[in-house]
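# Results of the structural survey
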Amino acid sequence: MRVAVIGAGVGGLCLAQGLVRAGIDVRVYERDPAVDNRYQGFRIGLGGPGLAALRECLPPRLHTVLDASTGQLDGSRRIVDTQLKQTGEMGEMYGGMATDRRVLRHLLLTGMPVEFGKQLTRYDELPDGTVRASFADGTNVTADLLVGADGVNSAVRRQLLPHAELVQAGFGGLLGRTTLTDRFAALVPGFGTAVQGDRVSMLLGKMQFRRPPHLAAVELAPDVALPPTSSYLRWVMMLPPDTDTSDDPREVVLDLIRDWHPILNDLVRDADTVADIGQIRYAKPVDHWGTRPVTLLGDAIHVMPPSGGLGANTAFVDAATLTRELAGGGPLPASVERYEHAMLDHGFAAVQHSLDATPQFVPTRAARR
Ligand SMILES: Cc1cc2nc3c(=O)[nH]c(=O)nc-3n(C[C@H](O)[C@H](O)[C@H](O)COP(=O)(O)OP(=O)(O)OC[C@H]3O[C@@H](n4cnc5c(N)ncnc54)[C@H](O)[C@@H]3O)c2cc1C
């Protein structure tokens, strides 16, 4: 059996790890020309079934590198006002580990057959039951199963499920990371801190690596190449949709938080990176479509607001579920269909959970500059 995975994000790579581990022939096709050609490093919380699924897909020798290259993630989620006075708590989330998406992606790339610079443009189901994927560079490949793990704007989903709808969640975000100091670390004593202002809110999360990831890799598994990175505080400024973010994003944030506690202004001023994550969207539930030699995984099918901390975790559950089904050795269509029913159930439950959590994070009044 040949499996072609479209997209080398965390979901597609986790699936590839699982399939390689199960002895299944898999190749991954990624549109970006290289692993690091755009900013992709932000904290991702891993826990519960998502973390278990990631471990299931990774070979045991990479578990120690995963553990060493992540940080602790547990405790309370505080709500504070703009002067950092605590006003509430959101209850505990899953305990687990904090990882950096860029570091995790590098780990997941270990030993994987990935071709970069391959942007899928379309696919065709062939009379013999296989599927041909065509790329923007004029090349194509044929596989028994094509998995669209190509994220929120998935080309595979647009062709397979043209009726599937994405909904604007009604807010956008600017994301920054600032090197961790003791002063900044004190802002997040637990899982995370939400600073609620009148017009906007800021979510703070600590990414404190147990060990520098690149050094941990050198010592524990020399064939694993992890990028050097320092520990940092991740902050996300949640903004109503009418906020003009076309200027320098750092200045946009500083303008909005001018009256906030000085340490929050320092946090933004000292950031290494500030990036616009755009308007947040989520997927409306879809019914099962009738199994084809083409399926979907992760954000490509059930993208959700980041408020639940579940998007990547859910993609890992997809990856482990599909791996188990394909490794079972039964007829391919029946295996894919069982995967799809399970994936749709847990994926859209996670979307709903994330939507339910969203009001705790989003600004209540419109921001106008
Ligand atoms: C600020 C923020 C915080 C978050 N925090 C958390 C968290 O704490 N916990 C959590 O579980 N989740 C979190 N998430 C969500 C998580 O990042 C995503 O759910 C996860 O990255 C989805 O993985 P994916 O592999 O499905 O898609 P992606 O990571 O988007 O990967 C898709 C890949 O497909 C490639 N691609 C796209 N189109 C094509 C094409 N046509 N041909 C070939 N390749 C293509 C892309 O270049 C990309 O590499 C957060 C998200 C944000 C924005």
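Predicted model, so just to flag it, every value in this text is computed and none were measured. (Residues numbered from 1 in each chain as written. Predicted model: local features only at pLDDT ≥ 70, side-chain atom pairs only at ≥ 80, totals over all residues. Heavy atoms only, no water.)

### Some details on the site of the ligand
Near the ligand lie 34 residues; those nearest to it are Gly11, Glu30, Gly45, Arg101 and Asp299. Taking Gly11, its main chain carries an N or O atom lying 2.8 Å from an oxygen atom of the ligand. Between an oxygen atom of the ligand and a side-chain N or O atom of Glu30, the distance comes to 2.7 Å. Burial of the ligand by the protein chains amounts to 89% of its free accessible area of 1000 Å². Mapped onto the shell around the ligand, the elements with two or more residues apiece are α1 (10-21), β3 (43-47), α4 (101-109) and α11 (311-327). Taken together, the residues that form the shell around the ligand break down as 13 nonpolar, 11 polar and 10 charged. (Near = heavy atom within 4 Å. Polar contact = N/O pair within 3.5 Å; in protein donor to acceptor, adjacent residues only side chain to side chain. Areas by Shrake-Rupley, 256 points an atom, 1.4 Å probe, with all protein chains shown as cover. Helix = DSSP H or I, 4+ residues; strand = E, 2+ residues; numbered from the N terminus. Nonpolar A, V, L, I, M, F, W, Y, C, P; charged D, E, K, R; others polar.)

### Describing the side chain of Asp144
By secondary structure assignment, the location of Asp144 is in the loop between β11 (140-143) and β12 (145-148). One polar contact links the side chain of Asp144 to the main-chain amide nitrogen of Arg2, over a distance of 2.8 Å. Residues contacting Asp144, with those up to four places away along its chain left out, are Met1, Arg2, Gly129, Thr130, Pro293 and Leu332. (Contact = heavy atoms within 4.5 Å.)

### Quick look at the nonpolar core
In this structure, Val3, Leu54, Leu107, Ile301 and Phe316 are the most contacted members of the largest nonpolar core, which totals 87 residues. Residue contributions to this core peak at eight residues, all from α11. Setting aside chain neighbours within four positions, we find Ile301 in contact with Leu161, Ala283, Val286, Trp289, Leu296, Met343, Leu344 and Phe348. (Core = buried A, V, L, I, M, F, W, Y, C linked by side-chain atoms within 4.5 Å. Buried < 20%, exposed > 50% of the residue type's maximum accessible area, 1.4 Å probe, protein only.)

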